[in-house]
Amino acid sequence: MKKLVFILIALLSVTAAVSCSKQNEESSKMPEMVNVSLSVNPNPGQPNKPITFEAKVTQGKEKINDADVTFEIWRSKDEKHVKISIKHAEDGVYRLEKSFQQEGTYYIISHVTARDMHNMPKKEFTVGTPSEKEDSTSSSSMDGMDMNDNK
């Protein structure tokens, strides 16, 4: 009888350990990263004509419609940055249409927070004639951020 109780207790202990192990494995799986595809159209743009900025927000194949999105825009070498909160347009796309009076080289960063993750892609764009670009040591240039498309 004592052997039967001992075997039963051992069996229950092993079952509990395996169950906890499976739960830990499932909870330790990392979710896919939130991806943000930032586009500027047209680039280059023309003064006083609208430029469309779009941030397409996805996680894996899922389009995220409930992200917190802010576009930060500034002209090269300018200390004044404009931040604009963006509402969801459709199918994971967050869109802003904006015109610029002054020609030059500009930058945009889309600050996207979704599912406890933050992503901040940056793009350079031009309105009319380009101006001097920011150097990588400038405090407003996001120190060392790669300006090339990774496509």
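Residues numbered from 1 in each chain as written. Predicted model: local features only at pLDDT ≥ 70, side-chain atom pairs only at ≥ 80, totals over all residues. Heavy atoms only, no water.

Draft legend 1. Broad picture of the overall build of the protein. When you go through the protein residue by residue, the secondary structure sums to 1 helix and 10 strands. For the protein, the N- to C-terminal ordering of α and β elements is α-β-β-β-β-β-β-β-β-β-β. Counting every position in the protein, which comprises 151 residues, the buried fraction comes to 32%. Once local pairs closer than 6 in sequence are excluded, the contacts in the protein between residues at least 24 apart make up 62%. A total accessible area of about 10300 Å² is found for the protein, and carbon and sulfur atoms account for 52% of it. (Helix = DSSP H or I, 4+ residues; strand = E, 2+ residues; numbered from the N terminus. Buried < 20%, exposed > 50% of the residue type's maximum accessible area, 1.4 Å probe, protein only. Contact = heavy atoms within 4.5 Å. Areas by Shrake-Rupley, 256 points an atom, 1.4 Å probe, with all protein chains shown as cover.)

Draft legend 2. Looking closely at the packing of aromatic side chains. Taken as a whole and judged by the stated rule, the model has 6 aromatic pairs. Measuring from centroid to centroid gives 5.1 Å for Phe53 and Phe125, while their planes differ by 65°, and the two rings are edge-to-face. Linking Phe53 in strand 2 (residues 51-59) with Phe125 in strand 10 (residues 122-127), this pair joins segments that are 72 residues apart in sequence. On the accessibility criterion, Phe53 (0% relative accessible area) is buried. Judged by centre distance (5.5 Å) and plane angle (15°), the rings of Tyr106 and Phe125 are stacked. Of this pair, Tyr106 sits in strand 8 (residues 104-114) while Phe125 sits in strand 10, and the two are 19 residues apart along the sequence. In textbook terms, an aromatic cluster arises when at least three aromatic residues are bridged by ring pairs, as seen for Phe53, Phe100, Tyr106 and Phe125. If you follow Lys122 out to its NZ or CZ, it ends over the ring of Tyr107, 4.9 Å from the centre. (Phe/Tyr/Trp six-rings, centres within 6.5 Å; stacked < 30°, edge-to-face > 60°. Lys NZ or Arg CZ within 6 Å of the ring centre and 35° of its normal.)

Draft legend 3. Molecular detail of the nonpolar core. Membership of the largest hydrophobic core comes to 24 residues, with the highest contact counts inside it found for Phe53, Val57, Ala67, Phe71, Phe100, Ile108 and Phe125. Counting residues per element, the ones that place at least two in this core are strand 1 (34-41), strand 2, strand 4 (68-75), strand 7 (93-98), strand 8 and strand 10. Not counting residues within four places of it along the chain, the set of residues in contact with Phe125 comprises Val40, Asn43, Ile51, Phe53, Ile73, Phe100, Gly104, Thr105, Tyr106, Tyr107 and Ile108. (Core = buried A, V, L, I, M, F, W, Y, C linked by side-chain atoms within 4.5 Å.)

Draft legend 4. Main features of the pattern of salt bridges. Scanning the entire structure with this criterion turns up 5 salt bridges. Between Lys77 and Glu132 there is a salt bridge whose closest N-O contact spans 3.6 Å. Placement of the pair is Lys77 in the loop between strand 4 and strand 5 (82-86) and Glu132 in the segment after strand 10, with a sequence separation of 55 residues. Here Glu132 falls in the exposed class, since its relative accessible area comes to 58%. Between Glu124 and Lys133 there is a salt bridge, with its nearest N and O atoms 3.2 Å apart. (Salt bridge = Lys/Arg side-chain N within 4 Å of Asp/Glu carboxyl O.)

Draft legend 5. Up close: the pairing of strand 4. For strand 4, a buried count of 7 out of 8 residues is recorded, marking the element as mostly surrounded by other parts of the structure. Here strand 4 runs beside strand 5; their pairing, made up of 5 bridges, is antiparallel. Opposite Val69, over in strand 5, you have Ile86 as the bridge partner. The turn linking strand 4 back onto strand 5 is made up of 6 residues, and Lys77 within it adopts a positive phi angle of 70°. (Pairing = 2+ DSSP bridges.)

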